[in-house]
Amino acid sequence: MAKITVYTTDPCSFCTRAKALLNARGLAYDEVNLSKDPSGRSQLIELTGMMSFPQVVIDDEVIGGFMELVQADRSGRLAELTKRAA
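Since the model is a prediction, treat every value here as computed from it, not as a measurement.

With 5 of 5 residues buried, strand β1 (residues 4-8) lies mostly within the body of the structure. Here 4 bridges tie β1 to strand β3 (residues 55-58), and the two strands are oriented antiparallel to one another. Bridge pairing links T5 to V57 in β3. The sheet contact formed by β1 and strand β2 (residues 30-33) spans 4 bridges and is parallel.

Here it is, written out as structure tokens:
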């Protein structure tokens, strides 16, 4: 099964929406809340090149934020990526 990691912060409405989309698709994920973790934020920037939240990573592939997750869902790419490692 694909390993999905969602990097979040508080408060973050897009984070809430990204998690809701994954839940609606029945996809399990690990949440890493970086609201009080400056070193974790630095690592996230290294991993994704982004400093915005949420950031969604499936296996080793960076999907991006909420809008990119929605695009991946609509295009079928999300289903493809989560099946790939199943």
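Let us now look at the pattern of salt bridges. For the coordinates displayed, the defined rule picks out 4 salt bridges. Residue K3 pairs with D30 through a salt bridge whose shortest N-O separation is 2.7 Å. With K3 in the segment before β1 and D30 in strand β2, the pair connects residues that are 27 residues apart, well separated along the chain. Judged by relative accessible area, which is 46%, K3 ranks as partly exposed. With a shortest N-O distance of 2.1 Å, R77 and E61 are connected by a salt bridge. Remark: E61 occurs in strand β4 (residues 61-64) and R77 occurs in helix α4 (residues 77-84); sequence separation between them is 16 residues.

Quick notes on the rules
- Residues numbered from 1 in each chain as written.
- Predicted model: local features only at pLDDT ≥ 70, side-chain atom pairs only at ≥ 80, totals over all residues.
- Heavy atoms only, no water.
- Buried < 20%, exposed > 50% of the residue type's maximum accessible area, 1.4 Å probe, protein only.
- Helix = DSSP H or I, 4+ residues; strand = E, 2+ residues; numbered from the N terminus.
- Pairing = 2+ DSSP bridges.
- Salt bridge = Lys/Arg side-chain N within 4 Å of Asp/Glu carboxyl O.

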